[in-house]
Amino acid sequence: RYPYRRSLISKFEKFIKEEINTSEIVTRPDEITALGEKYSTLVAGSDQLWNPAITNGLDTNYLLGFSTTKRKIAFSSSFGSYKHTPEELEILRRELKHFHAISVREPEARSKLESLVPKKEVHVTLDPTLLLDMEEWSKVSTDPGRTGRPYILVYALGSNAFLKKTVETARNFLQMDVIAINQDPFLNFKTNKHVKDAGPSEFLGYFLNASFIITNSCLLYTSYSSDDS
């Protein structure tokens, strides 16, 4: 995976540099504390920034613990499917009680936080990527070079027999090429193109120009949480 991973990281770095207004890079606790003082409001979010399995332990920087004076907001944050230890729950309780507003992406996370910090009102909000309309996303997308030729786009996190059957059924019924975006070295279904290093702009372009889309990404949390999945 190394060549594709290296290319992918390079594309993300380029996108961040060109499209996102960022602060200077900080590397020490005292630097991030000083940086926090430059802002009136600090926002944590989104995705699984409170999942210790992803952040290499429960990182209190993602709980804005580096500041004790600023207004704090959590927007569309998530635990994923992680089950916190009693010690981790105590850290969450200690830090989140200082937040001005809290919102998460799943009802299950809201229930968890309402019992953890009962004095705080917790809201369920949509993924912030959905706050932008197609026109805004189109401005930062690039044409992957498939315009005018219909194709099925497959964006899957992992694969199984059901996904393979779904792709094959769609291909046979629609009679279209199949393009897959996936960093796995191998797939269990046939594709005309396997894109392993799609940067943000390419990723958007493939979705924008697809005629049919197959994905399991939006179902992952449900599948982790439900006994019926």
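So, here is what we can say about the structure in this document. Just so it is clear, the model here is predicted, and its values are computed rather than measured.

1. Topic: the overall build of the chain
And then number 1: Regarding its fold elements, the chain presents eight helices and eight strands.
And then number 2: The dimensions of the chain, computed from C-alpha atoms along their principal axes, are 60 × 45 × 35 Å.
And then number 3: Counting across all 229 residues of the chain, residues that qualify as buried make up 32%.
And then number 4: Approximately 14,400 Å² of the chain is accessible, and the part contributed by carbon and sulfur atoms is 54%.

2. Looking at unusual backbone geometry
And then number 1: Of note, the bond from G45 into S46 is cis; its omega dihedral lies within 30 degrees of zero at 0°.
And then number 2: Positive phi outside glycine occurs at N56, with the angle close to 60°.
And then number 3: Residue Q175 is not a glycine yet carries a positive backbone phi of 55°.
And then number 4: The topology assignment puts Q175 in the loop between α6 (161-174) and β6 (177-181).

3. Comments concerning the packing of aromatic side chains
And then number 1: One pass over the full model with this rule turns up five aromatic pairs.
And then number 2: Between Y151 and Y206, the aromatic rings sit 6.5 Å apart at their centres with planes inclined by 80°, giving edge-to-face as the arrangement. Here Y206 lies in helix α7 (residues 200-209) and Y151 lies in strand β5 (residues 151-155), a separation of 55 residues in the sequence.
And then number 3: A relative accessible area of 0% places Y151 in the buried class.
And then number 4: What makes Y206 buried here is its relative accessible area of 3%.
And then number 5: A ring pair is formed by Y155 and F207, whose centres lie 6.1 Å apart and whose planes are at 75°; its orientation type is edge-to-face. One end of the pair, Y155, is in strand β5; the other, F207, is in helix α7, and 52 residues separate them in sequence.
And then number 6: Given the relative accessible area of 25%, F207 is considered partly exposed.
And then number 7: The structure contains a cluster of three or more aromatic residues connected by ring pairs, namely Y155, F203 and F207.

4. Structural notes on the side chain of S67
And then number 1: Within the secondary structure, S67 is located in the loop between β1 (41-44) and β2 (71-77).
And then number 2: Within the structure, the side chain of S67 is placed 3.4 Å from the backbone nitrogen of T69, a separation counted as a polar contact.
And then number 3: Not counting residues up to four positions away in its chain, the partners in contact with S67 are E37, L42 and K72.

5. Re the nonpolar core
And then number 1: Among the nonpolar cores identified, the biggest contains 21 residues, and W50, L92, L96, I102 and L113 are the most heavily contacted of them.
And then number 2: With three residues, helix α4 (residues 107-116) is the largest single contributor of residues to this core.
And then number 3: Setting aside residues no more than four positions away along its own chain, W50 makes contact with L58, Y62, L63, A74, S77, S78, F79, H84, L96, V104 and L113.
And then number 4: Counting 11 residues, the second largest nonpolar core, distinct from the first, contains I152, V154, M176 and A180.

6. Focus: the side chain of S103
And then number 1: Secondary-structure assignment places S103 in strand β3 (residues 101-104).
And then number 2: If we ignore the near neighbours within four places in the chain, the residues touching S103 are A74, F75, S76, S77, H123 and T125.

7. Examining the packing of helix α3 (residues 86-96) against α4
And then number 1: Between α3 and α4, the least distance of the axes is 10 Å, while the angle of their chain directions is 75°. For the element pair α3 / α4, the angle class is roughly perpendicular. For the pair α3 and α4, the contacting residues are L89, L92, R93 and L96 in the first and K112, L113 and L116 in the second.
And then number 2: Here the residues of the contact of α3 with α4 are counted per class, giving five nonpolar, no polar and two charged.

Definitions and limits used
Position labels on residues start from 1 in each chain and follow its written sequence. In view of the model being predicted, local features appear only for residues whose pLDDT reaches at least 70, and side-chain atom pairs are presented and counted only at 80 or more, with totals across whole chains, interfaces and linings using the full set of residues. Side-chain numbers here rest on the full set of heavy atoms in the structure, without hydrogens or water. Runs of E in the DSSP output that reach at least two residues are strands. Runs of H or I that reach at least four are helices, and both are numbered from the N terminus. Note on exposure labels: buried denotes an accessible area under 20% of the residue type's maximum, exposed denotes more than 50%, and partly exposed covers the range between, all computed with a 1.4 Å probe on protein chains only. To be clear on the numbers: accessible area is Shrake-Rupley with a 1.4 Å probe, and residue cover counts the displayed protein chains and nothing else. Paired rings are identified among Phe, Tyr and Trp, the last through its six-membered ring, by centres lying within 6.5 Å, and are further divided according to the angle between planes into stacked (under 30 degrees), edge-to-face (over 60) and tilted (the rest). The definition of a polar contact used here is a pair of N or O atoms within 3.5 Å, where within protein one atom must be able to donate a hydrogen and the other to accept one, and adjacent residues in sequence count solely through side-chain atom pairs. Residue contacts follow a heavy-atom distance rule, with two residues in contact if any of their heavy atoms lie within 4.5 Å. In plain words, nonpolar cores are sets of buried Ala, Val, Leu, Ile, Met, Phe, Trp, Tyr and Cys residues tied together by side-chain atoms within 4.5 Å. Note on geometry: axes are C-alpha line fits, over the in-contact stretch for helices, and angles between N-to-C directions span 0 to 180 degrees. Relative orientations are named as follows: roughly parallel for angles under 35 degrees, roughly antiparallel for angles over 145 degrees, roughly perpendicular for angles from 65 to 115 degrees, and oblique for any other angle. For this scheme, ten residues count as nonpolar: Ala, Val, Leu, Ile, Met, Phe, Trp, Tyr, Cys and Pro. Four count as charged, namely Asp, Glu, Lys and Arg, and the remainder, Gly too, count as polar.

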